[in-house]
Each structure stands twice: as C-alpha cells, then as structure tokens.
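So you can see what is in the structure, the chains are spelled out below.
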Amino acid sequence: MSADSDPAAFPAIDRKAIDPDACKILSRLEEFGHRAYLVGGCVRDLLVGGAPKDFDISTDARPRQIRRIFRNSRVIGRRFRLVHVRFGPRIFEVSTFRAPPAEADQGDDPYITRDNVFGTEEQDAVRRDFTINGLFYDVSRRKVIDHVGGLRDLGQRCVRTIGDSLLRLREDPVRILRAMRFAARLRFELDPELTAAMFEVREDLRRSPPPRVLEELYKMLSSHGAARCFELFEELGAREILLPEVHNPPERLRRALTELEVRTDGRRDRVPQSMLLATLTGPWVLSVLKDVQTDDREAAVQELLFPIARRFVVARRDVGMARQCLAAQWSLRHPPHGRRSHRLTYLESFRPALELRRILGPLDDDDEQAAETLEAWEEHGRHAAPPRDPEGRRPRRRGRRRRRGGRRRGRGGKDLSGPASEVRPGPCPPASD
Ligand code: ATP
Ligand code: MG
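Residues numbered from 1 in each chain as written. Chains lettered and ligands numbered in written order. Predicted model: local features only at pLDDT ≥ 70, side-chain atom pairs only at ≥ 80, totals over all residues.

(A) Region of interest: the environment of alanine 183. When you line up the elements, alanine 183 lands in helix H8 (residues 174-186). Aside from chain neighbours lying at most four places away, what touches alanine 183 is Val159, Phe188, Glu189, Leu190 and Leu232. (Helix = DSSP H or I, 4+ residues; strand = E, 2+ residues; numbered from the N terminus. Contact = placed C-beta atoms within 7 Å.)

In structure tokens:
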C-alpha cells in the first residue's frame, strides 16, 4: 500500500519538536520489550511542520501491561480501553494496537458499535480514518512507518480515507466532520471519492451520539481554518442536518469565525466552550432577535438555544454563560449609562460578553460608533465598583463557589435555564425543518 511513499520527500522530524515526556514513555515501553510509536495527528503535524496538539502513542503492550509499567497511569474507556499516563498536569494517551471491526460483528450495517479488538501494528494503521492520520513514527530509529500511503497523500495535500470511503464513513459518520476539519485546517483538498461519499452518507450523521458530534463541532470551531470548515459544513448540507434551526447570515459567521481565530490563536484549546457555542449561534441569534422588543432578552435567547442544548446535551453552565453573553450584546450596543450598566460590569459574564462583542461585531451594520462604545465599556469595566446593597454594603463578587463536599453550585446571574436543567439527549431533527 505504501510502495510510492517516500519519507525522504519530507524534512527529517526534529527531535526537539517531540515532547520529552512522550519520548520517556516510548523508551520505557521499549525497555520492557514492547514496540511503541508516536501515531496519528502528531506524526502528520510533525511532518508538515506544524506544532502537534498532543502526542498519542500506540504499542503492542496491553492496557494492563502499560498500567503496570507506569505508576502514574490509569486505564480509561469502556468501548475503547486505553491508558492515560500522567506527567504533572499533562496526560498522554497510550493505546494498544487494534484491529478493524470484524465484518461478522457488523452484519449488513457497517456502523461501528464495538471497537476494542486488539490487533497487529498494520491492522492498527488500517483501522484509522484518513491516510494522513495513519502514520507511525519510531522515535528511537527515527523512522516514519507508512502502511497506508499517508506520506504520498501528505505530499499531494489530500485527505483520503483508508480503504473504501463509503464504508469508512458508514462505519462512523463523525468522520465526515473530521474530514472537513482536516481539509480546512491543513488547506488540503478532499479526495473526490471521499467528497462523493460525504454527500451520500451525510444523513447518517443523525446516528452519531450527540455528545461526540458536539465535541467535534467544538473542535471545528477552535481549529485553524474554522471559517472554511463551516463553509464546507454548509455546502455539504451537514448544517441542515445537525443544526437546522441555526440560520447564520454567512458573511457574519465568516467574520465571527475569522475574528475568533485571530483573537485566540496560540491558546485555542483554552477557549471556553460557552464562547464557542455563542460564536456558532451568535450571528443567527442576533439577527432573529434584532428587532424583537422584549424586557427579558435572556429568556428570548434561551428559547432559541434550548432545542440545540437539549439535542446535544450541552453542559448547563455553558448554555447559561452563552445565553448571558448573547443577551448582553443589546446592552453593549449603547455606551454605558446609569445603574443598569454598572450592574452589568459586575457580572461574571461581563468580560466574556465584551469578548463576544468583538468576535461578533456590532449588532447593526450601520453602528458607526461601535469602536468607541466598546472602548467606553472597557473603561467602565475597569473602574466599576460592586453595587451597594440596600444597607450600603458592597456584596462580594459572585464567582464559582464550591459547597462543602466539593459539589458545584449554580453560577451568578439570572438562572433562566428552566427546562434546560433537565437536558436530555434528543434525536437529531428530521431532514426538513
Ligand atoms: P488533532 O490534531 O485535532 O488532535 P488528530 O488526528 O490527532 O487531530 P484525534 O481525535 O486526536 O485526531 O485522534 C488521534 C488519531 O486517532 C487520529 O489521527 C486517527 O488516527 C485516530 N482516530 C481518531 N478518530 C478516529 C475515528 N473516528 N475513526 C478512525 N480513526 C480515528
Ligand atoms: Mg490528536
């Protein structure tokens, strides 16, 4: 399969670019007589000169053997058992070589429900999604191992499935979203066979567990090339399937995603999910509620967000913060004035709401004073003191607090979550809304 893959076509991987703790894990596994490689996204990123987000490791050692070698480790996952090895705050995923799902397990339906059969090194490469994600790197021998033609596709800047595209997407429709993300992030082309399969299988996205889809949507939002990725999402009709109610004005969404990328570059992993949710839904929410007269803007925003929150089982605190930040956009369009503005600056959502305002841009296209208004709010926020209670005392800032026993309480701000507090996974909506 890898006959025409030529590692020499790529600059050698610089050892300094590899995390030293990942190297320690690899050499320790080898000391115990196991084969162990860097795998997946980190090899791809090292070869194209990018900085890997994380360093995943694959080995022929079984989870229990890995667990015994590393005291700082634990076995996780029910469907897919792997080991987390901890170095301080950082965690490395060490997985045992796996085999592709056996046809006997799948019957006529290729959708993967079981994926935990151990296998050989070659099988482990072949079960991965795209050729560019199927490369191994043997750190001690400084050798790229290519069982799937990944080097050729990296050279040709092409996202291609390993094996038959239709089958691979049917096995796991989330791969449709992953394909878009890698194409947009790396500025690679999608293989035409893959593109055709993405169109054919897109309705299967409804079968994927909503929390997995949500996690992928968050990754798409916080990845390089998010604006392009969401163009593909729209072109493919995936938005219509997963988020049929969210009609973002395309130009405003593009602006928001570009701005998000500029403002958060270098710390993308740390963008709060509430900010990602507010960015994804913001242009739509603002356009729907633009001319709506209401005293309770938060309730109006909540009504729009609720079906999405329920369908994807979004964390309640993320919906709450996204809702507050979105509702605050109407107050932030006028310069600060009076006690209400003062109160706003004191909320936990004030800074994120200002940040969101920068990302989404002004509410009205003809808001010429937008920059000055934003400046005035910044200034106001710097000098605001907490409002006094009726007895003239200044209350303490409301932040995240812990109850005795460590359980979390609700956050500050009005709690309008209503039925969202009972968020349950919901089915994806039918094809047409
Ligand atoms: P990123 O830089 O976003 O982390 P990544 O390629 O490392 O990209 P991960 O989600 O971290 O993506 O997955 C690590 C590796 O596991 C992938 O490179 C791929 O080989 C494999 N993988 C992940 N998800 C799937 C999937 N749905 N189907 C098959 N293989 C997958
Ligand atoms: Mg990764």
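Resuming the write-up.
(B) Highlighting the sheet that holds strand S7 (residues 143-146). Strand order in the open sheet formed by seven strands is S3-S4-S5-S2-S1-S6-S7, with mixed pairing between adjacent strands. Lying at the two open borders of the sheet, with one neighbouring strand each, are strand S3 (73-76) and S7. For this sheet, the mean angle separating the axes of adjacent strands, direction not counted, is 35 degrees. In the packing of helix H1 (residues 20-31) onto the sheet, the strands contacted are strand S1 (36-39), strand S2 (56-59), strand S4 (82-87) and strand S5 (90-96), and the crossing angle to S5 comes to about 35 degrees. (Pairing = 2+ DSSP bridges. Axes fitted to C-alpha atoms, helices over the stretch in contact; angles between N-to-C directions.)

(C) Summary view of the site of ligand 1. Close to ligand 1 lie Gly40, Gly41, Lys53, Asp54, Asp56, Arg128, Asp129, Asn133, Gly134, Asp172, Val174 and Arg175, which account for all nearby residues. Per-class residue counts for the shell around ligand 1 are one nonpolar, four polar and seven charged. No fewer than three residues from each of domain 1 (1-156) and domain 2 (162-244) sit in the shell around ligand 1. (Near = placed C-beta within 6 Å. Nonpolar A, V, L, I, M, F, W, Y, C, P; charged D, E, K, R; others polar. Domains from an automatic or database assignment.)

(D) Inspection of the pairing of S5 at higher detail. Bridge count between S2 and S5: three bridges; the pairing is parallel. By the bridge assignment for S5, serine 58 is matched with serine 95. Of the strand pairs in this sheet, S4 and S5 are connected by five bridges, and their pairing is antiparallel. Bridging from a neighbouring strand, valine 85 pairs with phenylalanine 92 of S5.

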